Amino acid sequence: MTPRRFSPDALGSAMREVIDHTAGLGAQPAVFSLVPTSVLAELEPGLVADDDASELSPVQQEIDDLDEFLATAAWPEAVTGAVLTTQITVAPPADAASRQAEQPARLAVGVLRDGPRLAMMRLLTEPASDELLTHPDLAVDLVEALAATFEPDA
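(A) Region of the structure containing the pattern of salt bridges. Tallied over the full model, the rule gives 3 salt bridges. Arg117 is paired through a salt bridge with Glu144; the nearest N and O atoms lie 2.7 Å apart. Within this pair, whereas Arg117 is found in strand 5 (residues 117–123), its partner Glu144 is found in helix 4 (residues 140–148), the two being separated by 27 residues in sequence. Under the relative-accessibility criterion, Arg117 is labelled partly exposed at 40%. With relative accessibility at 39%, the residue Glu144 sits in the partly exposed group.

(B) Quick peek at the packing of aromatic side chains. Scanning all chains against the criterion turns up 2 aromatic pairs. Where Phe69 meets Trp75, the ring centres are 5.8 Å apart and the plane angle is 70°; that geometry is what we call edge-to-face. Accessibility assignment for this pair places Phe69 and Trp75 in one class, buried. On the basis of an interplanar angle of 10° and a centroid distance of 5.5 Å, the ring pair of Trp75 and Phe150 is categorised as stacked. Here Trp75, found in the loop between helix 3 (66–72) and strand 3 (81–90), pairs with Phe150, found in the segment after helix 4; they are 75 residues apart in sequence, far enough to count as distant. On the basis of relative accessible area, Trp75 is assigned to the buried category, the value being 13%. Judged by relative accessible area, Phe150 falls into the buried class, the value being 12%. Taken together, the ring pairs connect Phe69, Trp75 and Phe150 into an aromatic cluster.

Definitions and cut-offs
Residues numbered from 1 in each chain as written. Predicted model: local features only at pLDDT ≥ 70, side-chain atom pairs only at ≥ 80, totals over all residues. Heavy atoms only, no water. Salt bridge = Lys/Arg side-chain N within 4 Å of Asp/Glu carboxyl O. Helix = DSSP H or I, 4+ residues; strand = E, 2+ residues; numbered from the N terminus. Buried < 20%, exposed > 50% of the residue type's maximum accessible area, 1.4 Å probe, protein only. Phe/Tyr/Trp six-rings, centres within 6.5 Å; stacked < 30°, edge-to-face > 60°.

Okay, here's the thing in structure tokens:
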């Protein structure tokens, strides 16, 4: 049986859910495995609402040390992807004409086993914004480190 492929949109939706869920964590990093919602509903029916239409469901993982986790993580086949989120400080560009203040932001990076990768952040300004920002060069090293957790051991 060929494993189901998920779209970057499914990854983005799961990442938005994680960002919303971790809003109050402060700088504490959190890692979530991404499991197809249909598989989770089959294995643990009480964890999925009857009206849940999401393709992927995030399941929070226990981590003590992020670096150690990224160096040693191994995922079972049922895990389709992962999301890592943390709080960062966004500094203004060095060449900014006006003196902008540093801003806290919630950063999330996500990967799917079959390739799609995404990084996004939400600035933690007052009033709180729902806008999520992304860029191909955002948190590239962290995206690569999370993607490496899905590579088979050499």
